[in-house]
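Tertiary structure, described
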Amino acid sequence: MRRVAKLLAVALAIVLTLGMGVPSSVRSVRLPTDFSPEGIAAGTGSTVYVGSLKDGDIYRADIRSGKGKVFINAPAGRRALGMKFEKARHRLWVAGGPTGHAYVYDTRNGKSRADLALGTPGASLINDVVLTKRAAYFTDSFNPVIYKVPIGHHGKIGKPHKINLRGPAADTSGDFSLNGIAAPDDHTLIVDNTTLGTLITIDLRNGSSRTITVTGGTLTKGTLDGILLHGRKLYVVENFAERLVTLKLSKDLRTARIVSVVTDKDVKGAFRIPTAVAEQNGKLALVNARFDVGLPPPLGTGVPRGTKYNLVILKK
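Everything quoted here is computed from the prediction, not taken from an experiment. (Residues numbered from 1 in each chain as written. Predicted model: local features only at pLDDT ≥ 70, side-chain atom pairs only at ≥ 80, totals over all residues. Heavy atoms only, no water.)

**Here we look at the side chain of Gln280**
Definition in use: A helix here means a DSSP run of H or I that spans at least four residues, while a strand means a run of E at least two residues long, and both kinds are numbered starting from the N terminus. Using a 1.4 Å probe on the protein chains alone, a residue whose accessible area is under 20% of its type maximum counts as buried, one over 50% counts as exposed, and one in between counts as partly exposed. Each polar contact in these results corresponds to two N or O atoms within 3.5 Å; when the atoms are within protein, one needs to be able to donate a hydrogen and the other to accept it, and residues that are neighboring in sequence are counted only if both atoms are side-chain atoms. In what follows, a contact means two residues having at least one pair of non-hydrogen atoms within 4.5 Å.
Structurally, the position occupied by Gln280 is in strand E23 (residues 274-280). You can call Gln280 buried: its relative accessible area is 7%. At a separation of 3.0 Å, a polar atom in the side chain of Gln280 contacts the main-chain carbonyl oxygen of Gly43. Not counting residues up to four positions away in its chain, the partners in contact with Gln280 are Ala42, Gly43, Thr44, Gly45, Ser46, Thr47, Val48 and Ile63.

Right, dumping it as structure tokens:
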């Protein structure tokens, strides 16, 4: 956990200053006190799901009304990081972080449908997930692999296996390597490397990878977190830099041009270490993880009791 300790040390050195108000185009949705959120997934209608780093619970919120409640009380020992909603089969796929596992829940009743062993507890950080028609793919921030979970006929969940990576995606020299993940098609992934501040494509057929050349500005090393792909637009959340960067991808995915950057100053202090973003009904919802005040065990030493959390809602 030396890598996590380094990250926490950086986090505690950052002092945030909140503005007195936020622009009318920015809204806030409250999350439970002491929830320790990290990942978010868009559900049906105006619903989003938010997962807890502390205990793996899942909070379901309506970003239109601002109302919500804890929908899934996860079994003991679970954690929740990146998440994706599988609309066709009413399932929520959840990356389990330091547990080395991933979980699947039924969004109709909150029941657990699968507990998938991917990596090694403590030596893996299962960070994020993306879904295609045939599989779920998970990143591991500590190891140069992608985990594939096949989705078979009638939605049957298959046996997980590793895709060993080659090229820049295999670089684990930093404290955190692969983090956010997206899938432009059935044989390609886009991932980001947190420490190096790079975007990378992965060929799922052989594990080879290539760095995407970014123009029009730079991404902030050490801060890249969740990503969201919408057509040829890629949204990248920079946690400690407190920015939401939008890039336009080339057709061949070799280059990406930064077309806009939303900073904490732009939203007058509304960002408090955002980690993930989801799109819902023309709105972007970002999770304020507040890593500046601490992380729950085993990722950190704890978070002060009474810590408040929220989602930041922006016009797309």
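So that's the structure; there's more coming.
**Brief notes about the environment of Val104**
Take Val104: it is sitting in strand E8 (residues 101-106). Judged by relative accessible area, Val104 falls into the buried class, the value being 0%. The sequence separation of Val104 and Thr47 amounts to 57 residues, and the corresponding C-alpha distance is 18 Å. Not counting chain neighbours up to four residues away, the residues in contact with Val104 comprise Arg91, Leu92, Trp93, Lys111, Ser112, Arg113, Ala114, Leu116 and Ile157.

**Digging into the sheet that holds strand E16 (residues 198-203)**
Defined as follows: Here a strand pair is declared whenever DSSP counts at least two bridges between the two strands. An axis is simply a line fitted to the C-alpha atoms; with a helix, the fit covers only the stretch in contact. Between two such axes, the angle follows the N-to-C directions and lies from 0 to 180 degrees.
The sheet built from four strands is open, its strands ordered E14-E15-E16-E17 with antiparallel pairing. Whereas interior strands pair on both sides, the edge strands pair on one side only; in this sheet they are strand E14 (178-185) and strand E17 (209-211). Between one strand and the next, the sheet's axes are offset by a mean angle of 25°, whatever the strand orientation. Across six bridges, the pairing between strand E15 (residues 188-193) and E16 is antiparallel. By the bridge assignment for E16, Leu189 is matched with Ile202.

**Observations concerning the side chain of Arg243**
Here Arg243 is to be found in strand E21 (residues 243-249). Looking at Arg243, its side chain comes within polar contact range of the side chain of Glu238, at 2.6 Å. Those residues in contact with Arg243 that sit more than four places away from it in its chain are Thr218, Leu219, Thr220, Val236, Val237, Glu238, Val261, Val262 and Thr263.

**Overview of a positive patch on the surface**
Keep this limit in mind: Only residues whose relative accessible area exceeds 30% and that form no salt bridge are eligible for patches; like-charged ones are grouped when within 9 Å, while nonpolar side chains (Val, Leu, Ile, Met, Phe, Trp, Tyr) are grouped when within 5 Å. With residues, only the protein chains shown are counted as cover, and all accessible areas are computed by Shrake-Rupley using a 1.4 Å probe. Salt bridge, as used here: a side-chain nitrogen of Lys or Arg that lies within 4 Å of a carboxyl oxygen of Asp or Glu. Under this rule, positive means Lys or Arg and negative means Asp or Glu; His and the chain ends count for nothing. The location of each charge is read from NZ of Lys, CZ of Arg, CG of Asp or CD of Glu.
Where like charges cluster on the molecular surface, the positive patch consists of Arg232, Lys233, Lys248, Lys251, Arg257 and Lys316. Within the element layout of this structure, Lys233 appears in strand E20 (residues 233-238).

**So, the nonpolar core**
Using the following cut-off: We define a nonpolar core as any set of buried Ala, Val, Leu, Ile, Met, Phe, Trp, Tyr and Cys residues linked to one another through side-chain atoms lying within 4.5 Å.
Core analysis: the largest hydrophobic core is formed by 26 residues, its most contacted members being Trp93, Leu116, Leu118, Phe138, Val149 and Phe291. Sort the elements by how many residues they give to this core and strand E12 (residues 145-150) lands first, with three residues. Counting 16 residues, the second-largest nonpolar core is a separate cluster that includes Ala61, Ala278, Tyr309 and Leu311.

**Comments concerning the confidence of the model for the chain**
The test is simple: You can read pLDDT as the predictor saying how much it trusts each residue, on a scale of 0 to 100.
Residues at a pLDDT of 70 or more form 92% of the chain, whose mean pLDDT is 93. Residue range residues 8-22 is modelled with pLDDT below 50. Its contacts to residues more than four positions away, or to other chains, number 28 contacts.

**Concerning unusual backbone geometry**
The omega torsion of the bond from Pro297 to Pro298 falls at 5°, within 30 degrees of zero and hence cis. When you line up the elements, Pro298 lands in the loop between strand E24 (283-288) and strand E25 (309-315). Even without glycine at this site, Glu242 takes up a positive phi of about 55°. Among the structural elements, Glu242 can be located in the loop between E20 and E21. A residue is classified by how much of its surface remains accessible, and Glu242, at 5% relative accessible area, is buried. A positive phi is found at Arg290, a non-glycine position, where the angle reads about 55°. With respect to the element layout, Arg290 can be found in the loop between E24 and E25.

**Re the pairing of strand E9 (residues 112-117)**
In this structure, E8 lies alongside E9, joined through five bridges in antiparallel fashion. Among the inter-strand pairings, His101 is bridged to a residue of E9, identified as Ala117. Between E8 and the antiparallel strand that follows it, E9, lie five residues; Gly110 among them carries a positive phi value of about 80°.

**Let's talk about the pattern of salt bridges**
If you walk through the whole model with that rule in mind, you get 10 salt bridges. Across the pair Arg89 and Glu86 runs a salt bridge whose closest N-O atoms are separated by 2.8 Å. Judged by relative accessible area, which is 29%, Arg89 ranks as partly exposed. A relative accessible area of 8% means that Glu86 is categorised as buried. In this structure, Asp106 and Arg113 form a salt bridge, with 3.2 Å as the shortest nitrogen-oxygen distance. On the basis of relative accessible area, Asp106 is assigned to the buried category, the value being 3%. Taken together, the shared-partner salt bridges connect Glu86, Arg89 and Arg91 into one network.

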